Amino acid sequence: MDIKQTDKEYIAGTYARFPVAIVSGKGSLLTDDEGKTYIDMGSGIAVNSFGASDDVWVRAVTEQLGKIQHTSNLYYTEPCARLAKMLCERTGMKKVFFGNSGAEANECAIKAARKYAAEKNGDDCHTVVTLVNSFHGRTLTTLAATGQDHYHELFQPLTPGFAHIAANDIEGLKTLAKETKLAAVMIECIQGEGGVVPLERSFVKELRAFTEENGILLICDEVQTGNGRTGALYAYMNYGITPDIVTTAKGLGGGLPIGAALLGEKVASVFGPGDHGSTFGGNPAVCAGACSILERINDDLLKEVKEKSDYLVSAFTGADGIESVSGMGLMLGLKTTRPAADVVKTCIEKGVLCLTAKDKVRLLPALNIPLDLLQKAAYSIMEAAKS
Ligand SMILES: *Cc1c(COP(=O)(O)O)cnc(C)c1O
């Protein structure tokens, strides 16, 4: 079968795919249908935290598959309870809701915030503020949350009750809060799809203080930045704040679909039976795999992430054709002189898979990528970036 041709004929045209059909992989090396190998600098958009077909993760998932692959959420299972306990112990959050994607994690966070605010302040207190240039998902509600108009066109009407302020504009939030009852503010500490743009430290600190003082919930969308990606377990930890709700997904499952909304003290008991749910949420095989991922995101690994990040940042800074480097940990964006898409195309020819985000080349390699592969990839990227 011609994979690319069949895909083009039968798959809905929502993705502008690169001309590569991946058939297998091990760690940070992937192989296509023509037998060509690539160094993977994208890890499935920050999903394969420990690379392709990681042995420990495969064992955890397959052992669970051999016991039971799924029960409904009407019954208890061990892996999801164990994963939730681990997430709470490591973040200080109190309860977890599991779904299957980042968008679902954010939907849950928004529902939790709306219910909390309605019970506390009346149901006209429902507005959720997000930032311009943010990305929170593709469902109609998380699209409404996403602060980029071009995603909204022709999908109207979206869920009402969202407002947007510019990133780092604390005064804009204060003005908005005078006019409108606010339920929550939702941020990505580093805007991922928006071009790997970290928020300013002072803004995040002031935002936390302002929301705290005014009874507004703070939600951190850690779908992309979470699970060790930035050199901390969650990116908010780099900013020295504690949000009320944390959402995560991508890297938590190590390659299987999972989303989680972590509920802090204030909202821990907001949901009762029937308020929310998901057939697949907390699936035992997925959660067994996620446990094996989270267990290994320890201080040693986080230190390694930071060291690899330092290596990449110093290699790219000032390199010919690279104008700036942004991001944290192994979530980096390169502003290149050549268009980012062209650099990525040249990288593919050189056997390196990178991503783009807006006008940047975006790098999200596996957290455990071996140093020699990282160096090789960095060298190819610098060659590709040369103008
Ligand atoms: C990818 C992403 C989402 C959406 O996650 P899906 O699993 O595709 O639904 C939401 N927020 C952020 C910050 C993301 O990077």
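Residues numbered from 1 in each chain as written. Predicted model: local features only at pLDDT ≥ 70, side-chain atom pairs only at ≥ 80, totals over all residues. Heavy atoms only, no water.

## Digging into the packing of aromatic side chains
In plain terms, the rule: Under the pairing criterion, centres of Phe, Tyr and Trp rings, with the six-membered ring standing for Trp, must be within 6.5 Å; the plane angle then separates stacked pairs below 30 degrees from edge-to-face pairs above 60, leaving the rest tilted. Burial status follows relative accessibility: with a 1.4 Å probe on protein chains alone, a residue under 20% of its type maximum counts as buried, one over 50% as exposed, and anything between as partly exposed. We call a charge positioned over a ring when the NZ of a Lys or the CZ of an Arg lies within 6 Å of the ring centre and within 35 degrees of the ring normal.
Under the defined criterion, the tally for this structure stands at two aromatic pairs. Measuring from ring centre to ring centre gives 6.5 Å for Tyr 234 and Tyr 236, while their planes differ by 10 degrees; the resulting arrangement is stacked. In this structure Tyr 234 comes out as buried when scored by relative accessible area, which is 0%. If you follow Arg 296 out to its NZ or CZ, it ends over the ring of Phe 50, 4.2 Å from the centre.

## Description of the sheet that holds strand 11 (residues 245–248)
Counted only if it meets this: Should DSSP find at least two bridges between two strands, the strands are regarded as paired. The helix count covers DSSP runs of H or I at least four residues long, the strand count covers runs of E at least two residues long, and both are numbered beginning at the N terminus. For helices, the fitted line uses only the C-alpha atoms of the stretch in contact; every axis is such a line through C-alpha atoms, and the angle between N-to-C directions lies from 0 to 180 degrees. Throughout, a contact is declared for two residues whenever any of their heavy atoms are within 4.5 Å.
Pairing within the open sheet is mixed, and its seven strands lie in the order 4-12-11-10-7-5-6. The open sheet has two edge strands, strand 4 (95–99) and strand 6 (162–165), and neither has a second partner. The mean inter-strand angle of the sheet, taken between neighbouring strand axes irrespective of direction, is 20 degrees. As judged from the four bridges shared by strand 7 (residues 182–187) and strand 10 (residues 217–221), these two strands associate in the parallel manner. Paired with Val 185 across the bridge in strand 10 is Leu 218. Along the sheet face, helix 4 (residues 78–91) touches strand 4 and strand 12 (259–263) and points at about 130 degrees away from the line of strand 4.

## Some remarks on the state of the cysteines
Covalently bonding the sulfur atom of one cysteine to the sulfur atom of another cysteine gives a disulfide. Going by this rule: Whenever a pair of cysteine sulfur atoms sits within 2.5 Å, that pair is classed as a disulfide.
The tally for this structure, following the rule as stated, stands at zero disulfides. With no disulfide partner, Cys 125 has as its closest neighbouring cysteine sulfur the one in Cys 108, 18 Å distant. Cys 125 sits in the buried class, given a relative accessible area of 3%.

## Focus on the domain arrangement of the protein chain
For the record, the criterion: What counts as a domain boundary in this text is fixed by an automatic or database domain assignment. When two components associate, each loses some accessible surface as probed by a 1.4 Å sphere; the sum of these losses over both components is called the buried area. Salt bridge criterion: a side-chain nitrogen from Lys or Arg within 4 Å of a carboxyl oxygen from Asp or Glu. In protein, a polar contact means a hydrogen-donor-capable atom and an acceptor-capable atom, both N or O and within 3.5 Å, with residues adjacent in sequence counting only if both atoms are side-chain atoms; elsewhere, any N or O pair within 3.5 Å suffices. When residues are sorted by character, Ala, Val, Leu, Ile, Met, Phe, Trp, Tyr, Cys and Pro go into the nonpolar class, Asp, Glu, Lys and Arg into the charged class, and all the rest, Gly among them, into the polar class.
In terms of domain boundaries, the protein chain breaks down into domain 1 (3–53 + 298–386) and domain 2 (68–294). A straight line from the C-alpha centre of domain 1 to that of domain 2 covers 26 Å. With 27 residues of domain 1 in contact, the opposing surface of domain 2 contributes 26 residues. Both faces considered, domain 1 and domain 2 share a buried interface measuring about 2100 Å² in area, 60% of it formed by carbon and sulfur atoms. Counting across the domain 1 and domain 2 interface gives one salt bridge. A salt bridge links Glu 193 to Arg 362, with the nearest nitrogen and oxygen atoms 2.9 Å apart. For the pair domain 1 and domain 2, the interface holds ten residue pairs in polar contact (both at pLDDT 80 or more). Of all the secondary structure elements, the ones that give two or more residues to the side of domain 1 that touches domain 2 are helix 2 (43–46), helix 10 (299–316), strand 13 (322–328), strand 14 (331–336) and strand 17 (360–363). Here the residues of the side of domain 1 that touches domain 2 sort into 15 nonpolar, eight polar and four charged.

## Quick word on the side chain of His 152
Mapped onto the fold, His 152 is located in the loop between helix 6 (140–145) and strand 6. The buried category is assigned to His 152, whose relative accessible area is 10%.

## Points about the nonpolar core
Counted only if it meets this: Throughout, nonpolar core names a set of buried Ala, Val, Leu, Ile, Met, Phe, Trp, Tyr and Cys residues whose side chains join them through atoms within 4.5 Å.
Judged by nonpolar contacts, the single largest core of 77 residues is most densely connected at Met 41, Leu 83, Leu 173, Ile 187, Leu 252, Cys 354 and Ile 381. Counting contributing residues per domain, this core is built from domain 1 (3–53 + 298–386) and domain 2 (68–294), each supplying no fewer than three. Judged by nonpolar contacts, the second largest core, of 21 residues, contains Tyr 116, Ala 145, Met 186 and Ile 219.

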